Amino acid sequence: QEHLVESGGGLVQTGGSMRLSCTVFGRTLSTVATGWFRQAPGKEREFVAAITWSGGNTFYPDSLKGRFTASRDKSKNTAYLQMNSLSPEDTAVYYCATTKGGNARLARTYDNWGQGTQVTVSS
């Protein structure tokens, strides 16, 4: 089973930027994409972004398109989430996850999950 390790979370001011990293140890060719989700207290898990490993195709919800950007470095087996123009509404635990295929916008598509990293945006 793949082991996902996230980093890059922390405290940032409103309007600031932050980049999260997700290293996929033991990634196989069956893993076609890495997704990003977030969950705030009392809220459902929300799709943030996804990127395929082979072609680098990206997916975003309309609400975040243009502000969040997913990327990946195949040689490092690492996916990144660049977050810009952050606001307190972005405060949540952010998770990366890998999938062997399916609808990248759905959490149930994903097989393995990272430990989560807290992102707190101060007002």
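Our subject is the structure that appears above.
So, a few notes on the structure that sits alongside this text. (Residues numbered from 1 in each chain as written. Predicted model: local features only at pLDDT ≥ 70, side-chain atom pairs only at ≥ 80, totals over all residues. Heavy atoms only, no water.)

Concerning the packing of aromatic side chains
So, step 1. Under the defined criterion, the tally for this structure stands at 5 aromatic pairs.
So, step 2. Relative to phenylalanine 47, the ring of phenylalanine 37 lies with its centre 5.6 Å away and its plane at 65 degrees, an arrangement referred to as edge-to-face. With phenylalanine 37 in strand S4 (residues 33-39) and phenylalanine 47 in strand S5 (residues 46-52), this pair connects stretches of sequence that are 10 residues apart. Each of the two residues, phenylalanine 37 as well as phenylalanine 47, counts as buried.
So, step 3. Ring geometry for phenylalanine 37 versus tyrosine 110: centroids 5.2 Å apart, planes at 80 degrees, classification edge-to-face. In this pair, phenylalanine 37 sits in strand S4 while tyrosine 110 sits in the loop between strand S9 (92-99) and strand S10 (112-113), placing the two residues 73 residues apart along the sequence.
So, step 4. Overall, tyrosine 110 belongs to the buried group, its relative accessible area being 5%.
So, step 5. Site record: aromatic cluster; members linked through ring pairs are Phe37, Phe47, Tyr95, Tyr110 and Trp113. (Phe/Tyr/Trp six-rings, centres within 6.5 Å; stacked < 30°, edge-to-face > 60°. Helix = DSSP H or I, 4+ residues; strand = E, 2+ residues; numbered from the N terminus. Buried < 20%, exposed > 50% of the residue type's maximum accessible area, 1.4 Å probe, protein only.)

A word on the sheet that holds strand S8 (residues 78-83)
Sheet strands pair via backbone hydrogen bonds, and the direction of the pair is either parallel or antiparallel.
So, step 1. Across the sheet, which stays open at both edges, the 4 strands sit in the order S1-S3-S8-S7 with antiparallel pairing between neighbours. Taken across any chain shown, the strands that pair with only one partner, and hence form the sheet edges, are strand S1 (3-7) and strand S7 (68-73). In this sheet, adjacent strand axes meet at a mean angle of 20 degrees when their direction is disregarded.
So, step 2. The pairing of S7 with S8 spans 6 bridges and is antiparallel. Across the sheet, the residue bridging to threonine 69 is glutamine 82, located in S8. (Pairing = 2+ DSSP bridges. Axes fitted to C-alpha atoms, helices over the stretch in contact; angles between N-to-C directions.)

Some words on the pairing of strand S3 (residues 18-25)
So, step 1. One ladder, built from 5 bridges, connects S1 with S3; its direction is antiparallel. When the bridges of S3 are listed, serine 7 appears paired with serine 21.
So, step 2. Strand direction decides the pairing type here: S3 and S8, joined by 6 bridges, are antiparallel. Residue arginine 19 lies in a different strand from S8, and its bridge partner there is glutamine 82.

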